[in-house]
Amino acid sequence: MMRSMENNMENKKSTTYQLALIGVMTALTCILGPMSVVLPFTPVPISLTNLVVYLSVCLLGWRLGTVSYLVYLLIGLVGLPVFSGFTGGAGKLFGPTGGYLIGFIFMAIVAGLFMERQSRWYFRLLGMILGTLIAYLFGTLWLAYVAKMNFQGALAAGVLPFIPGDLVKMLLILLAAPLIETRIRRAGLSW
């Protein structure tokens, strides 16, 4: 009976802790996601959203990291200005960047699965690259449809200019995440 009560308390503590972690990463996405740079030649801005998604799945794993992104997405869909350029609302999904917003869900799953399974840097990098390619595919197809472009034009406008910056974001995560993970473990907050 006593062991059952202890297990129940531990499960509640774990669930509360997981919800808090999801909340922290969602808040970080809400803070950094709107910060963007508009480029004159494309309707797709440079955003920090994917950087936070990489960090979330690296620190939380694919399940909690994806949930964190989904909560962010829902916050934006109800109208809070958490999307790039401090915008919000369901109309954002129907605009030129809606495919990327949906693609980030799959990016979180794929990158997170790779990061969860292996701590080697090249495996994590591979996961982020594959996840990003999936997000690029969703974004390019939707941009082509919404902007009435051919696939090559949408690729040129919505992917090619962003590859160098996205690679830098991935490298930042590869460098920063192990340091953050070590600090979290030392503080006794590891999950």
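Here, every reference points to the structure presented above.
A few points on the structure. (Residues numbered from 1 in each chain as written. Predicted model: local features only at pLDDT ≥ 70, side-chain atom pairs only at ≥ 80, totals over all residues. Heavy atoms only, no water.)

1. Side note on the pattern of salt bridges
1) Next: Counting across every chain of the model gives two salt bridges.
2) Next: R124 serves as the salt-bridge partner of E181, at 3.4 Å between the closest nitrogen and oxygen. Placement of E181 in helix α7 (residues 163–186) and of R124 in helix α5 (residues 121–146) is noted, with a sequence separation of 57 residues between them.
3) Next: Here E181 falls in the buried class, since its relative accessible area comes to 17%. (Salt bridge = Lys/Arg side-chain N within 4 Å of Asp/Glu carboxyl O. Helix = DSSP H or I, 4+ residues; strand = E, 2+ residues; numbered from the N terminus. Buried < 20%, exposed > 50% of the residue type's maximum accessible area, 1.4 Å probe, protein only.)

2. Points about the nonpolar core
Nonpolar side chains tend toward joint burial in soluble globular proteins.
1) Next: Among the nonpolar cores identified, the biggest contains 34 residues, and Y69, M128 and I173 are the most heavily contacted of them.
2) Next: Breaking this core down by element, the ones donating at least two residues are α1 (2–32), α2 (49–77), α4 (98–117), α5 and α7.
3) Next: Formed by ten residues, the second largest nonpolar core is a distinct cluster that contains L39, V44, Y136 and F162. (Core = buried A, V, L, I, M, F, W, Y, C linked by side-chain atoms within 4.5 Å.)

3. Observations regarding α4
1) Next: With 20 residues, α4 extends 30 Å between its outermost C-alpha atoms, agreeing within 8% with the 28 Å of an ideal straight helix rising 1.5 Å per residue.
2) Next: Bending of α4 peaks at approximately 25° at the position of F104.
3) Next: Across the 20 residues of α4, 14 count as buried, placing the element largely inside the fold. (Expected span 1.5 Å × (residues − 1). Bend = angle between axes of the 7 residues up to and from the residue.)

4. A few points about the packing of aromatic side chains
1) Next: Overall, the coordinates contain seven aromatic pairs when judged by the stated rule.
2) Next: Between the aromatic rings of F114 and F123, the centroid separation amounts to 4.9 Å while the plane-to-plane angle is 35°, which identifies the pairing as tilted.
3) Next: Ring geometry for W142 versus Y145: centroids 5.3 Å apart, planes at 40°, classification tilted. One end of the pair is W142 and the other is Y145, both in helix α5 and three residues apart, which spans about a single turn. (Phe/Tyr/Trp six-rings, centres within 6.5 Å; stacked < 30°, edge-to-face > 60°.)

5. Some remarks on the packing of α5 against α7
1) Next: Their axes nearest at 11 Å, the elements α5 and α7 cross at an angle of 140°. Relative to α7, the element α5 lies oblique. Crossing handedness for the pair α5 and α7: right-handed. Each of W121, R124, L125, M128, I129, T132 and Y136 in α5 lies in contact with α7, whose residues at this interface are I163, D166, M170, I173, L174, A177 and E181.
2) Next: For the contact of α5 with α7, the per-class residue count stands at ten nonpolar, one polar and three charged. (Axes fitted to C-alpha atoms, helices over the stretch in contact; angles between N-to-C directions. Parallel < 35°, antiparallel > 145°, perpendicular 65-115°, else oblique. Left-handed = near helix turned anticlockwise from the far one by under 90°. Contact = heavy atoms within 4.5 Å. Nonpolar A, V, L, I, M, F, W, Y, C, P; charged D, E, K, R; others polar.)

6. Looking at a nonpolar patch on the surface
1) Next: Residues I31, M35 and F86 make up a contiguous nonpolar surface patch of roughly 320 Å² in combined accessible area.
2) Next: Structurally, I31 is set in helix α1. (Patch = residues over 30% accessible without salt bridge, like charges linked within 9 Å, V, L, I, M, F, W, Y side chains within 5 Å. Areas by Shrake-Rupley, 256 points an atom, 1.4 Å probe, with all protein chains shown as cover.)

7. Regarding α7
1) Next: Taking 1.5 Å per residue as the helical rise, α7 with its 24 residues ought to reach 34 Å, and the 35 Å between its terminal C-alpha atoms agrees with that figure.
2) Next: Maximal helix bending in α7 amounts to about 30°, located at A176; proline P178 follows within four positions.
3) Next: Those residues of α7 that are buried are in contact with β2 (46–47), α2 and α5.
4) Next: Residue G188 follows α7 closely and has a positive phi angle near 75°.

8. Here's the deal with empty space enclosed by the protein
Rolling a probe over the atoms, with the probe sized like a water molecule, indicates the empty space that remains.
1) Next: Tallied over the entire structure, the rule returns one cavity of 30 Å³ or more.
2) Next: Roughly 290 Å³ of volume is contained in the largest cavity.
3) Next: In this structure, the largest cavity is lined by 21 residues; those nearest its centre are V44, P45, S47, Y100 and F104.
4) Next: Elements that contribute at least two residues to the lining of the largest cavity include exactly α2, α4, α5 and α7. (1 Å grid on protein atoms, 1.4 Å probe; cavity = no way out; pocket = protein on both sides within 12 Å on 5 of 7 lines; lining within 4 Å. Points joined across faces, edges and corners; volume = space filled by probe spheres on them.)

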